[in-house]
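# Reading the structure
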Amino acid sequence: MGIFDRFTGKQEQTQARAVPRHIAVIMDGNGRWAKKRGLPRKAGHKVGAETFRTIATYCKDIGVQYFTVYAFSTENWKRPQDEVDALMNLFRTYLREAAETMVERGVAVRVLGDLSVLPPDLLRQIDEVHALADTLGEQAATASLCINYGGRDEIKNAVRALARQVAEGTLRPEDITEDTIGAQLYTAHMPDPDLIIRPSGEIRTSNFLLWQSAYAEYYFTDVLWPDFKPEHMDAAIEDFNRRSRRFGGV
Ligand code: FPP
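Bear in mind that the values here come from a model prediction, so they are computed numbers and not experimental data. Just so you know, the residues in each chain are numbered from 1, in the order the chain's sequence is written. Residues qualify for local features only when their pLDDT is at least 70, as the model is predicted, and side-chain atom pairs are given and counted only at 80 or more; totals for whole chains, interfaces and linings, by contrast, use all residues. Hydrogens are left out, water is left out, and the side-chain values use all remaining heavy atoms of the structure.

The next thing to look at is the overall build of the protein chain. Of the regular secondary structure elements, the protein chain holds 7 helices and 8 strands. It is over C-alpha atoms that the radius of gyration is taken, and the globule rule equals 2.2 Å times the number of residues to the power 0.38. In terms of overall dimensions, the protein chain is globule-like: its C-alpha atoms have a radius of gyration of 19 Å, near the 18 Å expected for 250 residues. For the protein chain, the spread of C-alpha atoms along the principal axes amounts to about 55 × 50 × 35 Å. Three exposure classes are used, based on accessible area relative to the maximum for each residue type with a 1.4 Å probe and protein chains only: buried under 20%, partly exposed in between, and exposed over 50%. Each of the 250 residues in the protein chain was classed as buried or not, and the buried ones make up 48%. Secondary structure elements follow DSSP: runs of H or I no shorter than four residues count as helices, runs of E no shorter than two count as strands, and numbering proceeds from the N terminus.

Here it is, written out as structure tokens:
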């Protein structure tokens, strides 16, 4: 785990705090934020998208290498059509522009999930966002936006891929390990999340990063996602620093 002092910007200070290498967020509370102001729900998602840019960039600045957010779940298609359309339009209009400004700050934006069902024009935008991310070197932080993501769906797809290899005779069942399963997930090239934050007062995981969260620390706060500021991230990291992570040991 990286040690970074956010006040001096130097590594390995005597009073340094551990900054999680990978932070994930369930961006919840956009609808309630809008309702409190008499605005349509999509207004909450718009401010929530801006919060994503601010917090992802802040995380990079304090030394977090991976920042992953839940933007649209495999279950969110059940929402009213106008809300689904508003979210897809937000991905269309905002993602590319946000990615450009984030890349300038050293944050590579990537989209994770089952993208096969997304509209072709959005897929093209996502390709462009990934091409931008590829222009950054290894020092870049990664901010991942999970779209049409479901933890069970992801595990099901991984099982199918491995089953196919077994059927083709290229993999023996006894060679299936936690690593071979992890390598089939959307998060294959990143470490598991150290800290998962859920704002807005809900206390559940909602099918987010089911496999990857085995040893994650959870942090819940009543703050609604559009109101989430760098100081709230600081509070979550301070809380994380008070936890004793034993990974099943003593
Ligand atoms: C959950 O809050 C939030 C979502 C289902 C959507 C989150 C998506 C964004 C913030 C947009 C990100 C887009 C970009 C381009 C970065 P909710 O609507 O369920 O809130 P509620 O529980 O208060 O109703």
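The discussion continues.
To continue, consider the packing of aromatic side chains. When two rings of Phe, Tyr or Trp (its six-membered ring) have centres within 6.5 Å they constitute a pair, described as stacked for plane angles under 30 degrees, edge-to-face for angles over 60, and tilted for the intermediate range. For the coordinates displayed, the defined rule picks out 9 aromatic pairs. Measuring from centroid to centroid gives 4.4 Å for Y70 and F208, while their planes differ by 10°, and the two rings are stacked. Taken as a pair, Y70 in strand 4 (residues 66-73) and F208 in the loop between strand 7 (195-198) and strand 8 (217-220) lie far apart in primary sequence, 138 residues in all. The exposure class assigned to F208 is buried, which follows from its relative accessible area of 1%. With centroids separated by 6.0 Å and ring planes inclined at 65°, the aromatic side chains of Y149 and Y186 adopt a geometry described as edge-to-face.

What follows is about the pattern of salt bridges. Salt bridges are defined as contacts in which a side-chain nitrogen from Lys or Arg sits within 4 Å of a carboxyl oxygen from Asp or Glu. A full pass over the atoms with the stated rule returns 20 salt bridges. We note a salt bridge from E50 to R53, for which the minimum N-O separation is 3.1 Å. Taken together, the residues span about one helical turn, with E50 and R53 both in helix 2 (residues 41-61) at a distance of 3 residues. For E50, a relative accessible area of 33% puts it in the partly exposed group. Its salt-bridge partner being R172, residue D175 comes within 3.0 Å of it at the nearest N-O pair. Among the ionic contacts, a cluster of salt bridges with common partners joins D28, R32, R198, E202 and R204.

Moving on: the nonpolar core. Formed by 47 residues in total, the largest nonpolar core has its most connected members in I23, F52, F67, F91, L145, I197 and M233. Here this core gets 10 residues from one element, more than from any other, and that element is helix 3 (residues 81-104). Note on definitions: a residue-residue contact is assigned when non-hydrogen atoms from the two residues lie within 4.5 Å. Residue contacts for F52: discarding those within four places in its chain leaves M27, F67, V69, M102, A143, L145 and W225. Residues belong to one nonpolar core when they are buried, are Ala, Val, Leu, Ile, Met, Phe, Trp, Tyr or Cys, and are joined through side-chain atoms within 4.5 Å.

A word on the site of the ligand. Lining the immediate environment of the ligand, one finds 19 residues, of which M27, G31, R32, R41 and R79 sit closest. For this analysis, a polar contact is any N or O atom pair within 3.5 Å, provided that within protein one partner can donate a hydrogen and the other can accept it, and provided that sequence-adjacent residues contribute only side-chain to side-chain pairs. Contact between the ligand and R41: an oxygen atom at 2.8 Å from a side-chain N or O atom of the residue. Note that an oxygen atom of the ligand is positioned 2.8 Å from one of the side-chain N or O atoms of R79. For accessible areas, the Shrake-Rupley method is used with a probe of radius 1.4 Å. Any residue's cover is judged against the shown protein chains and nothing else. Compared with its free state, where it exposes 640 Å², the ligand has 92% of that area covered by protein. Elements with a contribution of two residues or more to the shell around the ligand: helix 1 (30-36), helix 2 and helix 3. Broken down by element, the shell around the ligand gets its largest block of residues, 5 residues, from helix 2. Side-chain classes follow a simple rule in which Ala, Val, Leu, Ile, Met, Phe, Trp, Tyr, Cys and Pro form the nonpolar group, Asp, Glu, Lys and Arg form the charged group, and the remainder, Gly included, forms the polar group. Looking at side-chain class alone, the shell around the ligand contains 9 nonpolar, 6 polar and 4 charged residues. Near is defined per residue: the residue qualifies when any heavy atom it owns lies within 4 Å of the molecule or strand.

Secondary-structure assignment places S144 in strand 6 (residues 141-149). Using a relative accessible area of 1% as the deciding quantity, one classes S144 as buried. The contact partners of S144, leaving out residues within four places of it in the chain, are F67, T68, V69, R110, L112 and M190.

What follows is about the pairing of strand 6. Residues in a regular strand point their side chains to alternate faces of the sheet. The buried count for strand 6 comes to 9 of 9 residues, which makes it a mostly enclosed element. One ladder, built from 7 bridges, connects strand 4 with strand 6; its direction is parallel. Residue pairing in the sheet places Y70 in a bridge with C146 of strand 6. Relative to strand 6, strand 5 (residues 107-112) runs parallel, the two being bridged by 6 bridges. Being paired, for any two strands, means DSSP has found at least two bridges between them.

If you trace the backbone, A235 turns up in helix 7 (residues 230-242). On a C-alpha basis, the gap between A235 and E202 in space is 18 Å, while along the polypeptide they are 33 residues apart.

Moving on, we come to unusual backbone geometry. Notably, S200 is not glycine yet its phi reads approximately 85°, a positive angle. You can see S200 is positioned in the loop between strand 7 and strand 8. Look at L209: it is not a glycine, yet its phi comes out positive at around 50°. Looking at the element boundaries, L209 is found in the loop between strand 7 and strand 8.

These figures capture arrangement, not role.
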